[in-house]
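Residue-level structure breakdown
Below are the chains, spelled out letter by letter.
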Amino acid sequence: MNIAKDNSLGGTDVAGLEATARRIRATCVQLAHDGKVGHLGSALSCVDIVLALYHGWLRVTPETADDYHRDRFIFSKGHACTALYAVLVERGFLPVEQLGRYAVRDEPLSDHPCQHALGLLECSSGSLGHGLGIAAGMLYGLGLDRSPARAAVLLSDGECNEGSVWESAMFAAAQKMENLLALVDYNGLQAVGRSDDLMGHTSLEEKFQAFGWGACTIDGNDMGAILKTLKQFPLQPGRPSAIICKTRKGAGVSFMEDKVLWHYRVPSCEDLGSALAELGAKALHMQESDQ
Amino acid sequence: MKLAFVDKLTELAEADPNIMLLTGDLGFQIFDGFIEKHGPRYINVGVAEANMIDTAAGLAHVGRRPVAYSIASFATTRCFEQIKLSVAYAGLPVVIVGAGGGYGYCENGPTHHAGEDLALMCSLPGMTVVAPGDAGEVQQLLSQVMKLSGPAYFRIGRGREPVYHADAPVVLGKARLLQQGERIAVLSTGEIAGQLVEALKICRDQDMSPLAYQYHTVKPFDAETLAHIAERVDAIVTIEEHVPFGGFGAQVACHLSAQSHHPVLKRLSVADEFVLGGPHKDQMRRDYGLDAQGIAETLMALWAAPAAVNTAEGRQ
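Residues numbered from 1 in each chain as written. Chains lettered and ligands numbered in written order. Predicted model: local features only at pLDDT ≥ 70, side-chain atom pairs only at ≥ 80, totals over all residues. Heavy atoms only, no water.

**Section: the domain arrangement of chain B**
Residue and element names in this part refer to chain B. The line we're drawing: Note that the domain bounds reflect an automated or database-derived domain assignment. Residues are treated as being in contact if the distance between any of their heavy atoms lies within 4.5 Å. Buried surface area refers to the total accessible area, computed with a probe of radius 1.4 Å, that the two partners give up upon joining, counted for both partners together. The term salt bridge refers to a pairing of a side-chain nitrogen on Lys or Arg with a carboxyl oxygen on Asp or Glu at a separation within 4 Å. For the purposes of these results, a polar contact is taken to be a pair of N or O atoms within 3.5 Å, where, inside protein, one atom must be able to donate a hydrogen and its partner to accept one; residues adjacent in sequence count only when each atom of the pair is a side-chain atom. The numbering of helices and of strands both runs from the N terminus, where a helix is a DSSP run of H or I of at least 4 residues and a strand a run of E of at least 2. Under the convention adopted here, Pro, Cys and the residues Ala, Val, Leu, Ile, Met, Phe, Trp and Tyr are nonpolar, Asp, Glu, Lys and Arg are charged, and Gly plus all remaining residues are polar.
Assigned domains within chain B: domain 1 (2–156) and domain 2 (176–306). Averaged C-alpha coordinates put domain 1 and domain 2 at centres separated by 26 Å. Across the boundary between the two partners, domain 1 contributes 26 residues, which contact 28 residues of domain 2. Taken together, both faces of the contact between domain 1 and domain 2 bury some 2,000 Å²; the carbon and sulfur share is 57%. Among the ionic pairs, Arg-176 bridges to Glu-137, the shortest N-O distance being 2.9 Å. Applying the counting rule to domain 1 against domain 2 returns 14 residue pairs in polar contact (both at pLDDT 80 or more). Among the elements that line the side of domain 1 that touches domain 2, the one with the most residues is helix α6 (residues 117–122), at 4 residues. Here the residues of the side of domain 1 that touches domain 2 sort into 14 nonpolar, 7 polar and 5 charged.

**Let's talk about helix α4 (residues 131–144) of chain A**
Every α-helix winds through 3.6 residues per turn, so residues three or four apart in the chain are directed the same way. Residue and element names in this part refer to chain A. As a reminder of what qualifies: The length a helix should cover is 1.5 Å for every residue beyond the first. Exposed residues in this analysis have more than 50% of their type's maximum accessible area, buried residues have under 20%, and partly exposed residues fall in between, with area computed by a 1.4 Å probe over protein chains only.
In this model, α4 (14 residues) spans 20 Å end to end at C-alpha, consistent with the 20 Å of a helix rising 1.5 Å per residue. Taken residue by residue, α4 has Gly-131, Leu-132, Gly-133, Ile-134, Ala-135, Ala-136, Gly-137, Met-138, Leu-139, Tyr-140, Gly-141 and Leu-142 as its buried positions. Two residues or fewer past α4, Arg-146 is found with a positive phi of approximately 55°.

**What about empty space enclosed by the protein?**
Note the following rule: Here a cavity means grid points, on a 1 Å grid over the protein atoms only, where a 1.4 Å probe fits yet cannot get out; a pocket means an open set of points with protein on both sides within 12 Å along at least five of seven lines; lining residues are those with an atom within 4 Å of a point. Grid points are joined across faces, edges and corners, and a volume is the space filled by probe spheres set on the points.
On inspection of all chains with the given rule, the structure shows 2 cavities of 30 Å³ or more. Its boundaries defined by the atoms lining it, the largest cavity holds a volume of some 180 Å³. As for the largest cavity, its lining consists of 18 residues, of which A:Tyr54, A:Phe73, A:Leu120, A:Leu121 and A:Glu122 are closest to the centre. Tallied by class, residues from the lining of the largest cavity come to 13 nonpolar, 1 polar and 4 charged. The calculated volume of the second largest cavity comes to roughly 30 Å³. Every residue lining the second largest cavity is listed: B:Met1, B:Gly101, B:Pro132, B:Arg155, B:Ile156, B:Gly157, B:Gly190 and B:Glu191. In terms of residue class, the lining of the second largest cavity is made up of 3 nonpolar, 3 polar and 2 charged.

Take a look at the structure:
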């Protein structure tokens, strides 16, 4: 595994990152199978976003993880945390061995991200609609110290059902939080329904714009598109930025894609084998010799 | 209590540059002094209590000491999950200030009543729950609460609460002796202590001297003092402006019930009902026997026959 520690934007190897994304996805499937935990479809949809953030936007490394002026990443859609855990391992924030103890009692990588278990996290998550407000508070406090730190928040589209998201969106715009980036993993499926049906087939991009944000919509499973958009941050000067990332739930594994079943379903041994074969990759913590 | 709170916070903020004040668009003009001295450390988040608490949590994550202020009902029930998860679960030093806690905004109706604030806040692990009785207790307790390493709920009155005197110091986590006495004990929390002090005067005229304490700190509960009281009296009365469940009286009942022998307990509170009709606070207190006269009558009945009182009944 190549653990890059250079977060500079220049010379990013998009094809290399796409290959890494396949290994991250394989890790998510392996963790869901081994840990007997669902939410796999939600993890697979956001892998490219999380990977792109850590390779092309977040100014934080394992060495600066305690630095007051680091960029913060709030993983607000906590149920999809296998994607976060895998990327943290890939970036060298966590030892690879910890992946073998996911969702095991008293171990750092819990079912939903818990800051008491894993101090590296900026905050715990699992209940939706909190991350944007927490990030706004962090940025306000950092701003009083004239810190250059920025914050990225990953939300799910279902999370945008929560009124608190819009309370925070209003606040961040009123405070002109140019250092705030919200990314919505718009995979189109919630726990038991299609998000468009539940949100009245209205535009999330237009909603954020109406709240005073700079906003755009991109293909959230296109690594090149995500990296290119991140380079345009902030989307508008003096405003917080929202990138609506249109993704596929279960992205990368054809029989899981766009299927609400895979919000909760735990992959069987057979599912695991099929998924890994299709991805052409092994989990980060599985040796090639295990194949 | 409101002005005492703001004055003290403004003073504390001069010494501690990390203190922040957030409001959910309430506190008209009372924060002007704070704003003048500490401008950027004051945030009106708007009528958005959920975001107020999440933002306060974010501020605490980066080392600030936020105080989040609103009318008690909006500061607690409206954003309970934010308090539970973003603040209490994270163990962050956020102080939530509920103005008019209990029934301070009585005539405004049930939308503005916070008769369950103590129960809700006490239910959260690690939460310190404080209900001062007058402006003096507000000032002394706020200094102590702002030094805590974890979260706190600070219930204050709506304003113009009577100030009372007691020799005992105001120490967070320790019940405050209001009056030495015998045979029966009476324990209050929050601003109803002012009515209790008046009730004690009525009792004095009747040559009665109950032991009296103000439990300004509801959690952590001062079980040590309660055990000491329980050894000395035949009956205990608790007084609170709260629903009958989960508040101060319930805590006392919990602790007493763990002992094989304990005094008779009578809990005075608002009944298990929404207070309709928009009564003035004084009228509401009379309706539930929480005014000085009502408290005195309860104490006189107990003084006459402490063991005969059925703890299940009440004025409800």
